[in-house]
Structure formats: C-alpha cells, structure tokens
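Here's the letter readout for the chains.
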Amino acid sequence: MKTLKKITAVSAIIALGMTATAGIAETLRLGDFQSTSHIVSIEGTTRWMAAVEEATGGALSFQHFPSQQAAKSKAQLDAVNNGILDAALLGTLYHAESLPLNSVVGLPGFYSSAQQGTKALQAMLKEGPLREELLAAGVTPIFGFVLPPYQVLAKKRLGLAEDWKALDIRTSGSTQAMTARSMGAVGISIPGPEVYTAVERGRLDAVLFPLASVPGYKLNEVVSHISTNGSFGGYSFVMVVRSDLFKDLPEDVQAKMLELGAETAMHVAKAQDDSVEGLVTQWKDEGIDTYTFSDAELASLTDSMKLVGQDWLERINADGAEAVLENYRALTSK
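Here we summarise the structure given alongside this text. Fair warning: this is a prediction, and the values are worked out from it, not measured in the lab.

Turning next to the overall build of the protein chain. Across its full length, the protein chain carries 13 helices and 11 strands. Computed over the C-alpha atoms, the radius of gyration of the protein chain is 22 Å, within 12% of the 20 Å expected from 2.2 N^0.38 for a compact globule of 334 residues. For the protein chain, the C-alpha atoms occupy an extent of roughly 85 × 45 × 35 Å along the three principal directions. A buried classification covers 54% of the 334 residues belonging to the protein chain. For the protein chain, contacts bridging at least 24 residues in sequence account for 77% of all contacts bridging at least 6.

Right under this line is the structure:
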C-alpha cells in the first residue's frame, strides 16, 4: 500500500511538471538595455525573472542580456520579432514609430510619482489601445512601470522658460523632444548609457532625466544643478514576450508571469520613489545645487509646455490618440 501511494505521488508530480513545461522553451532569451546595477534592473527585471523561475520550479528560466548585449535600446522590439530574443524590457519612447500611442507617457505635467504613473500604465496595458498597439507589433505586454517624473540636470541653473532657449538638451524620444522645443531648446535623443560622455564633452547643455536613474549613469559627476519639482514628462518600460511564444505557454505559467509582473511593477515604482529623497540629500552633501522651481518659474514652464499635448496628437495622427490622452489624464489625476 505504501509503495502504491509513493508511485501515485510520484506520478502526480511528474504529471504536474509535464503540464507546467509542455510546449514551452526551457530558457527565454531576455534583452535589456539597462545595466544590472541600475535600480530598474535590481528591483524590476532581475527580481521578476527570479520570482518567475522560483514560482515555476525552474521550468521557465531566463538568459539575460543586459546593457544592450543582444540589441541596442532602439532595436529591442525588432530583436524580439526577428527571433534574436524571446522577450525584452522595452523603453517604449525608443519605439515611438512602432508604438506611437504608448509614447503618451512622455508628455509633461501628468503623474507626480512613479507609483502614480505605474498604476495608470498598468491599467492601460490591461486593456485598451496601448495593449492593442503592442499586440499588433507582435508582442504581449506582461507588465509595465514608469520612471519618476523627469527633472532637468545641467551645469547651470535653469528656471524660467527663457533660460532654456537654444540649449542642446538630451530627451528620451520624440515626445520629450517636443517638450524641449516648447521652451526654445533643441531636443537630442541619446540612449542613457551614452549621456555621461555627451555631457562631459560638452555635446549637451542639459539633460532631462528621472532622479532615481541618475546613479545608474553617474550623471551627478558631470552636472552641478538638478531640479527636484519639475514635471518634464515620463518614461515607461514594458516587459514583453513574443506573442506566438507566449500563447504556447501553459495558462498557469502565463498567469504566474502576469501576477508576478503586476507585483514587480509596483515594487520597482515604490523603490524608485523611496530612493529619490536620499539621493537629493547625498547630492547636496556633494555640493550639487538641488533646487525647487519657484511658483513663477513653474508657471512659466507650464505655460510654455501647455501645447505639447496638442502637438503630440497632431504629430502621431493615430486613431484613438485623443481617447488615450484623455484616459491618461483621468488616470493620473487621481
């Protein structure tokens, strides 16, 4: 009887394992343009991969290609569609041509914290145009999160909109480039890993960047002024898996990836928000001018940026764009 029970138990375990692994790749090749020392990787990507591997008992594992090892930041989506990668953490603003509606997150003046913005993004990825756009691009969104609102980092204090005229400013994609242009500056799109050198060599006058990401690129070493209460747009990351591959995964594995993805999204958002206060204190101690815009400066900047949303609608000229913008505004106003 004991032998029979053991055989039955072992058979059940084997059957469960076969159900969990049937039709799936042993290892998913996952691309990422962030370094493993970046907060997005530590609290986001690598944390999620480890959680999925543990939850599936190792049936689903990952081969991670961080720091653009498999594909450049702007080529991650193509790499997934071409089979070079199975999954990727996309920086959606780098793919504005393929994912124009998803670039709405780059607009200035919306969310005030990574947690607030991430809640809005997760809702929009669950159903609606942003999700449909990704599916049409051949990938399935697993989870998404945003960086804290972008601030300006420079070698001189930038306040009123007139202070920005004719400056070369690093922006993340075309949506943020419109924000820079609205204040008379020139928006230059340079991948995060290349920004340090561009500032150091004088190619850039200033950088629009989320404060939680500054340590990952050591930008505090090459600037002397950092704003803390601006809202110069946002940036979204979306973890995607090639749709045909994702559909072949067992439903329980899919569900676990999504469940752990939702948890990871809010975790990495909170980790970023929590890190900002300590970073500002650290930079002050290093002699960096970390400053808040005055009411007059904020009014000047807001006035200059107020038409960016309308410019975005006209530029992308996509069906459903106005509805996306209104939904985004409603979700981030809570």
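Moving on from the model shown.
With that out of the way, let us pick up the sheet that holds strand β6 (residues 168-171). The strand order across the open sheet formed by 6 strands is β7-β6-β8-β5-β9-β11, and the pairing between neighbours is mixed. Two strands bound the open sheet, and with one partner strand each, they are β7 (186-189) and β11 (289-291). Neighbouring strand axes in the sheet, compared pairwise and without regard to direction, differ in orientation by 25° on average.

Turning to the packing of helix α4 (residues 114-126) against helix α5 (residues 129-136), a few remarks are in order. As a packed pair, α4 and α5 sit with axes 5 Å apart at the nearest point and diverge in direction by 60°. Taken together, the axis directions place α4 and α5 in an arrangement best described as oblique. The two elements α4 and α5 meet at a crossing, and its hand is right-handed. Within the contact between the two elements, α4 uses Leu121, Met124, Leu125 and Lys126 and α5 uses Leu130, Arg131 and Leu134. Here the contact of α4 with α5 is built from residues that sort into 5 nonpolar, no polar and 2 charged.

Two faces belong to every sheet, and in a regular strand the side chains alternate between them. By the criterion of burial, strand β3 (residues 87-91) is predominantly enclosed, with 5 of the 5 residues buried. Residue alternation in β3 divides its side chains into two sets, Ala87, Leu89 and Gly91 and Ala88 and Leu90, and both sets are buried. As paired elements, strand β1 (residues 27-31) and β3 share 2 bridges and run parallel to each other. Note on β3: the bridge partner recorded for Gly31 is Ala88. Direction of pairing for β3 relative to strand β10 (residues 236-242): antiparallel, over a ladder of 5 bridges. Bridge assignment links Gly91 to a residue of β10, and that residue is Phe237.

With that out of the way, let us pick up the sheet that holds β3. The strand order β2-β1-β3-β10-β4 describes an open sheet built from 5 strands, whose pairing is mixed. Either end of the sheet is taken by a strand with one partner, and the two such strands are β2 (61-65) and β4 (139-146). On average, each strand axis in the sheet is tilted by 25° relative to the strand beside it, whichever way the strands run. Against the sheet, helix α2 (residues 39-55) contacts β1, β2, β3, β4 and β10, and its axis sits at roughly 155° relative to β2.

Further remarks concern the side chain of Gln176. Note that Gln176 resides in helix α6 (residues 173-182). Owing to a relative accessible area of 0%, Gln176 belongs among the buried residues under this scheme. In this structure Gln176 touches Gly106, Tyr150, Thr171, Leu208, Phe232, Gly233 and Gly234, once residues within four positions along its chain are discounted.

This part takes up the packing of α2 against helix α10 (residues 251-285). Here α2 crosses α10 at 155°, and the two axes come no closer than 9 Å. Between α2 and α10, the crossing angle belongs to the class labelled roughly antiparallel. Taken as a pair, α2 and α10 cross one another with a handedness that is right-handed. Note on element contacts: α10 touches α2 through Lys256, Met257, Leu260, Gly261, Thr264, His267, Val268, Ala271, Gln272 and Ser275, opposite Ile39, Val40, Glu43, Gly44, Arg47, Trp48, Ala51, Val52 and Ala55.

A word on helix α13 (residues 321-332). Under the 1.5 Å per step criterion, the end-to-end length of α13 is 16 Å for 12 residues, consistent within 8% with the ideal 16 Å. Along α13, the residues classified as buried are Ala321, Val324, Leu325, Tyr328, Leu331 and Thr332. Projected down its long axis, α13 carries its buried residues within an arc of 135°, all on one side. Away from its buried face, by an angle of more than 90 degrees, α13 presents the exposed residues Glu322 and Ala323. Buried residues in α13 make contact with α4, α5 and α12 (308-316).

Throughout the structure, instances matching the rule amount to 8 salt bridges. Between Glu297 and Arg157 there is a salt bridge, with the nearest N and O atoms lying 2.6 Å from each other. A residue pair is termed long-range when its members are at least 10 positions apart, and Glu297 in helix α11 (residues 295-305) and Arg157 in the loop between β5 (150-154) and β6 qualify at 140 residues. We note a salt bridge from Asp244 to Arg242, for which the minimum N-O separation is 3.1 Å. Relative accessible area serves as the criterion here: at 16%, Arg242 is assigned to the buried category. If you follow the salt bridges from partner to partner, you end up with Arg29, Asp86, Arg242 and Asp244 in one network.

The subject of this paragraph is the packing of aromatic side chains. If you walk through the whole model with that rule in mind, you get 13 aromatic pairs. Seen from their ring centres, Phe33 and Tyr94 are 5.4 Å apart, and the 70° between their planes marks the pair as edge-to-face. Separated by 61 residues along the polypeptide, Phe33 in the loop between β1 and α2 and Tyr94 in the loop between β3 and α4 bring together distant segments of the chain. Both residues of the pair, Phe33 and Tyr94, count as buried. Here the aromatic rings of Phe232 and Phe293 are separated by 5.9 Å at their centres, their planes lie at 80°, and the arrangement is edge-to-face. Of this pair, Phe232 sits in the loop between β9 (225-227) and β10 while Phe293 sits in the loop between β11 and α11, placing them 61 residues apart in sequence. With respect to class, Phe232 is no different from Phe293; both count as buried. One aromatic cluster is present, built from ring pairs that chain together Phe33, Trp48, Phe62, Tyr94, Phe143, Phe145, Tyr235 and Phe237.

What counts as what
- Residues numbered from 1 in each chain as written.
- Predicted model: local features only at pLDDT ≥ 70, side-chain atom pairs only at ≥ 80, totals over all residues.
- Heavy atoms only, no water.
- Helix = DSSP H or I, 4+ residues; strand = E, 2+ residues; numbered from the N terminus.
- Rg over C-alpha atoms; globule rule 2.2 N^0.38 Å.
- Buried < 20%, exposed > 50% of the residue type's maximum accessible area, 1.4 Å probe, protein only.
- Contact = heavy atoms within 4.5 Å.
- Pairing = 2+ DSSP bridges.
- Axes fitted to C-alpha atoms, helices over the stretch in contact; angles between N-to-C directions.
- Parallel < 35°, antiparallel > 145°, perpendicular 65-115°, else oblique.
- Left-handed = near helix turned anticlockwise from the far one by under 90°.
- Nonpolar A, V, L, I, M, F, W, Y, C, P; charged D, E, K, R; others polar.
- Expected span 1.5 Å × (residues − 1).
- Arc of directions from axis to C-beta.
- Salt bridge = Lys/Arg side-chain N within 4 Å of Asp/Glu carboxyl O.
- Phe/Tyr/Trp six-rings, centres within 6.5 Å; stacked < 30°, edge-to-face > 60°.

Function-wise, these values are silent; they only describe arrangement.
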